[in-house]
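# Residue-level structure breakdown
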Amino acid sequence: PSTLPIKDCTSITPPYPRLLETLEKVRNVLPKKSKLTLAEKILYSHLRNPEESLRGKGKIRGERYLKLRPDRVAMQDASAQMALLQFMTCKLPSCAVPASIHCDHLIQAQTGAASDLTRSIETNKEVFDFLESAAQKYGIEFWRPGSGIIHQIVLENYAAPGLLMLGTDSHTPNAGGLGMLAIGVGGADAVDALTDTPWELKAPMITGVKLTGQLQGWATPKDLILHLAGKLTVRGGTGRIIEYFGPGVPAQSCTGLATIANMGAEVGATTSTFPYSDNMRQYLHATGRGPVAEAADAAAKKGFLSADEGAEYDEVIEINLSELEPHLNGPFTPDLATPLSSFSSFLNDNKYPTTLSSALIGSCTNSSYEDMSRVASIAEQAKAAGLKSKVPFLVTPGSELIRATVEKDGLQSTLESVGATVLANACGPCIGQWKRDEHKGEDNAILTSFNRNFKARNDGNLKTMNFLASPEIVTAMAFSGDLKFNPTTDSISTPNGPFKFTPPSGDRLPPTGYSAGDLSYAPSPSPVPQPQTEIAISPSSTRLEILEPFGTNFANGAGELPSMRCLMRVKGKCTTDHISAAGAWLKYKGHLSNISENTLMTAVNDESDSINKAIDLEGKEDTIPNTMKAYKAKNEPWMLVVDDNYGEGSAREHAALQPRFYGGAMIVARSFARIHETNLKKQGILPLWFLNKADYSKISAHDVVQTKGLEKVMDGTSTTDVVLLEVTKPTGEKMVVETRHTLSKDQIEWLRYGSALNYIGAMARQ
Ligand code: SF4
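Rules used in this analysis
- Residues numbered from 1 in each chain as written.
- Predicted model: local features only at pLDDT ≥ 70, side-chain atom pairs only at ≥ 80, totals over all residues.
- Heavy atoms only, no water.
- Phe/Tyr/Trp six-rings, centres within 6.5 Å; stacked < 30°, edge-to-face > 60°.
- Helix = DSSP H or I, 4+ residues; strand = E, 2+ residues; numbered from the N terminus.
- Lys NZ or Arg CZ within 6 Å of the ring centre and 35° of its normal.
- Pairing = 2+ DSSP bridges.
- Axes fitted to C-alpha atoms, helices over the stretch in contact; angles between N-to-C directions.
- Contact = heavy atoms within 4.5 Å.
- Domains from an automatic or database assignment.
- Buried area = accessible area lost by both parts, 1.4 Å probe.
- Salt bridge = Lys/Arg side-chain N within 4 Å of Asp/Glu carboxyl O.
- Polar contact = N/O pair within 3.5 Å; in protein donor to acceptor, adjacent residues only side chain to side chain.
- Nonpolar A, V, L, I, M, F, W, Y, C, P; charged D, E, K, R; others polar.
- Near = heavy atom within 4 Å.
- Buried < 20%, exposed > 50% of the residue type's maximum accessible area, 1.4 Å probe, protein only.
- Lys, Arg positive; Asp, Glu negative; His and termini not counted.
- Parallel < 35°, antiparallel > 145°, perpendicular 65-115°, else oblique.
- Left-handed = near helix turned anticlockwise from the far one by under 90°.
- Core = buried A, V, L, I, M, F, W, Y, C linked by side-chain atoms within 4.5 Å.

Turning next to the packing of aromatic side chains. Counted according to the given criterion, the structure contains 17 aromatic pairs. An angle of 20° between the planes, with centres 4.7 Å apart, marks the rings of Tyr244 and Phe274 as stacked. Taken together, the residues span a long stretch of sequence, with Tyr244 in strand E9 (residues 240–245) and Phe274 in the loop between strand E10 (271–273) and helix H11 (278–286) at a distance of 30 residues. Between the aromatic rings of Phe661 and Tyr662, the centroid separation amounts to 5.5 Å while the plane-to-plane angle is 45°, which identifies the pairing as tilted. An aromatic cluster of at least three residues, connected via ring pairs, comprises Trp218, Phe479, Phe499 and Phe501. Seen from the ring of Phe332, Lys455 lies directly overhead, with NZ or CZ sitting 4.9 Å from the centre.

Right, let's talk about the sheet that holds E9 for a bit. Taken in spatial order, the 4 strands make up an open sheet running E10-E9-E8-E11, and their pairing is parallel. The sheet is open, and its two edges are formed by E10 and strand E11 (315–320), each paired on a single side. Adjacent strand axes in the sheet meet at a mean angle of 20°, parallel and antiparallel pairs treated alike. Of the pairings in the sheet, the one linking strand E8 (residues 205–212) to E9 comprises 6 bridges and is parallel in character. Bridge pairing in E9 links Gly208 to Glu243. Contacting E8, E9 and E10, helix H2 (residues 38–45) runs over the sheet at an angle of about 125° to E9. On the sheet, helix H9 (residues 221–232) packs against E8, E9 and E11 and is oriented at approximately 135° with respect to E11.

Considered domain by domain, the protein chain is made up of domain 1 (16–322), domain 2 (326–493) and domain 3 (555–765). Centre-to-centre, using C-alpha coordinates, domain 1 lies 27 Å away from domain 2. Each partner contributes to the interface: domain 1 provides 42 residues, whereas domain 2 provides 48 residues. Between domain 1 and domain 2, a total of about 3,500 Å² is buried, with carbon and sulfur atoms accounting for 59% of that surface. In this structure, the connection of domain 1 to domain 2 is made through 1 salt bridge. Between Glu266 and Arg452 there is a salt bridge, with the nearest N and O atoms lying 2.4 Å from each other. At the boundary of domain 1 and domain 2, one finds 22 residue pairs in polar contact (both at pLDDT 80 or more). Elements supplying a minimum of two residues to the side of domain 1 that touches domain 2: helix H5 (113–123), helix H7 (150–157), H9 and helix H10 (254–262). Per element, the largest residue contribution to the side of domain 1 that touches domain 2 is 6 residues, and it comes from H9. Its residues placed into classes, the side of domain 1 that touches domain 2 shows 13 nonpolar, 23 polar and 6 charged.

Around the ligand sit His105, Ile149, His151, Asp169, His171, Ser363, Cys364, Cys427, Cys430, Ile431, Asn451 and Arg457, and those are all the residues in its vicinity. A class-by-class count of the residues in the shell around the ligand yields 5 nonpolar, 5 polar and 2 charged. Two domains each provide a minimum of three residues to the shell around the ligand, namely domain 1 (16–322) and domain 2 (326–493).

Let us look at the pattern of salt bridges. Scanning the model with the defined rule gives 38 salt bridges in all. The closest approach of N and O atoms between Lys41 and Asp308, which form a salt bridge, is 2.8 Å. Of this pair, Lys41 sits in helix H2 while Asp308 sits in the loop between helix H12 (290–301) and E11, and the two are 267 residues apart along the sequence. For the pair shown, Lys41 and Asp308 are each scored as buried. Salt bridges linked by common partners bring Arg27, Lys41 and Asp308 together as one network.

Look at the link from Gly330 to Pro331: it is a cis peptide, with omega at 5°. Locating Pro331 in the fold gives a position in the loop between strand E12 (327–329) and strand E13 (337–339). Its identity is not glycine, yet Ser363 carries a phi of approximately 80°, on the positive side. Its identity as a non-glycine residue notwithstanding, His702 has a phi of 80°, on the positive side. You can call His702 buried: its relative accessible area is 18%.

Structurally, the position occupied by Asp104 is in the loop between strand E3 (99–102) and H5. In this structure, Asp104 is buried with no salt-bridge partner, the nearest side chain bearing the opposite charge being Arg457 at 10 Å. Look past the residues within four positions of Asp104 in its chain and what remains in contact with it is Gln76, Asp77, Gly148, Ile149, Ile150, Ala426 and Cys427.

With parallel pairing, the 5 strands of this open sheet are ordered in space as E4-E3-E2-E5-E6. Two strands lie at the open edges of the sheet, namely strand E4 (141–143) and strand E6 (181–184), each paired on one side alone. Recorded for the sheet is a direction-independent mean angle of 20° between the axes of neighbouring strands. Helix H4 (residues 77–89) rests against strand E2 (72–76) and E3 of the sheet, and its axis sits at about 120° to E2. The strands that helix H8 (residues 187–194) touches are E2, E3 and strand E5 (164–167); relative to E2, the one it contacts most, it runs at about 145°.

So, about the packing of H4 against helix H6 (residues 125–138). Two elements in contact, H4 and H6, have axes whose closest approach is 10 Å; the angle formed by their N-to-C orientations is 45°. In terms of axis orientation, H4 runs oblique to H6. Helix-helix and strand crossings are classified by hand; for H4 and H6 the assignment is left-handed. Along the contact surface, H4 presents Asp77, Ala80, Gln81, Leu84, Leu85, Phe87 and Met88, while H6 presents Val127, Phe128, Phe130, Leu131, Ala134 and Tyr138. Grouping the amino acids of the contact of H4 with H6 by side-chain chemistry returns 11 nonpolar, 1 polar and 1 charged.

On to the nonpolar core. If you look at the biggest cluster of nonpolar residues, it comprises 184 residues, and the most contacted ones within it are Tyr44, Met75, Phe130, Tyr244 and Phe501. The contacts of Tyr44, once residues within four sequence positions are left out, are Thr22, Val26, Leu30, Leu36, Leu54, Ile60 and Leu66. Core analysis: the second largest hydrophobic core is formed by 25 residues, Met666, Ile699, Val727 and Val737 among them.

To continue, consider the packing of helix H24 (residues 745–753) against helix H25 (residues 756–765). When two helices pack together, their arrangement is given by the angle between their axes and by how far apart the axes lie. Where H24 contacts H25, the two axes come as close as 7 Å, and the packing angle between them is 95°. The orientation of H24 with respect to H25, classified from their angle, is roughly perpendicular. Across the interface between the two elements, Glu749, Trp750 and Tyr753 of H24 pack against Ala756, Asn758, Tyr759, Ala762 and Met763 of H25.

This part covers helix H22 (residues 674–682). Most of H22 sits inside the fold, with 7 of its 9 residues counted as buried. Regarding H22, the residues found buried are His676, Glu677, Thr678, Asn679, Leu680, Lys681 and Lys682.

Written out as structure tokens, the structure reads:
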């Protein structure tokens, strides 16, 4: 049953007729009788031009670049800042696709929901005010602080079978629980969708996971993904979509599938998805989206929402759910998977702490009604035995809808009666927003139902070991306080004798329906853009700064780049974290001048083998950002020479924005990480690849470098992808280095106009 009013589903129902029509065209382009996986159907039905992407011989998966049209964008408060600042530079009046902003990452957990929320709103007021003003101006749905975590809200409101969505957060794939493709991206990719620019994705390989059998006893969907993470490791899903199929899928709840999809990010998967099921249909109805379910039913009848019979996967992994036991993964990496039955000896073997210091449940990964009702069934048993949690027991509801429903149904009071503290509906301890005074600098072990457990992620303490488990296991362990306790076999002693848990039970959906809770957190659906709205950014702000469009690096919009000096040669691994560090710098994500102070500050200078050192134009050694600033002050364009796989890691657009902000015009690499290479082009920096990798050492700091042949690339008359670099040493000695470019026609325009956004804005105004 749904006690929620039926929503106006006009803007949230996938455009099934258009998608089916495109899929029909795709089938005409592909070889006759091609069998498609579900992931391919969703991707290909979102192609802007199936002919261009799919026509011709050769493999598609893992080879071709797809130009896609996503249906929707979701942004969280930390990453939305730069995404919106970039979007603003295009000067478009509204977004090309429906979008939402979610205030969740900036809420710090300290004492409890109400006070934490009030304090965090004060601390981050200028950021929230900016986001809200931008949302109002461009017609974006704005979910206020306290409304909940982006992925839970998306699942409850926007996710729909067959949809293609981009989200500026790694765990965006959570929405795959509703049979769609939801992909985590950087802000620059989100802006592609917001401006109706083709969004490019290398066609992922597809890993099929066949589920058979039935979950038993304490085993949950979380245990399935914990187990799979152990099998695949943190890199096993890279460049792949994980598509689940088989008789074990339909029995899983929609929210359980979301947990599995959420943690697909832990194995590096592009995203995860599942065929449409009755449980998905029921979830849509229960959350007030009956019309979406009806449209999905019709699309499913036309074969859209599941794989074709006989579709082939690039690899298949089979998991028998009947044999799955609870797992605990960690410490410090989500793929170190240990079955519950061996966890005690695992702790002994590694001499890890065996005393639990805190138990945390909830987050975007595991705070569904089903999770909470099963957890409450454990708490009820413990309470009846006279037990209370032995350690701090923190509960993070994923959304106001969940919090209010759990309160209405008495689950919250059950949890509180055994010692739980309910935190705000926000990320809190999952992302380091946890003010924890105990165990500072000490070895200690926490158990969480979250998704990530990298060092210092939760409380900032490098020595806190976070073991990931299902909320049921975390809760049961909280009553023992002992990590060696196995709730499926062991007992806890009480004054009335030994007490043993029976396996948890619960409801997939609230028996008397969801309760909407405090509606003041939520936006009005499909808001109309209000162009007269002033964007709220104070000129004296240290956290937000209007982004000024970059000028073109080309005189007269084309020709060769001006001759420029090499600022330094970067040695070895240089990820987006090296180029733009995270941590304490995150608070400057919306202020390009301030965050640029961290540019390449952990990069190694190949000539001196030192970190964060470069030589300025006067021959003085300084930090890399200071040297860049000195070049910029003199209006001297510069270039970098970099090593292999430059810019690997996240899709962070700051790693391209910052060098550009300081006047970087060109980067020549042994090789680039693909996403970063595209991000450089988007910001108007020319990336070039050494034809001969050994030439890397031929260009040194202060050499003057002049492109030769770029002019023809820019005017489209070049017959080759080779661009020559004439290098003049300070001694006057000259040499020529061969490089190649990877610019597409569109990307040439990005460079000509100074950035992709300048180009998009100019086209829109024509
Ligand atoms: Fe990310 Fe954790 Fe927030 Fe989920 S709860 S969105 S994993 S920070």
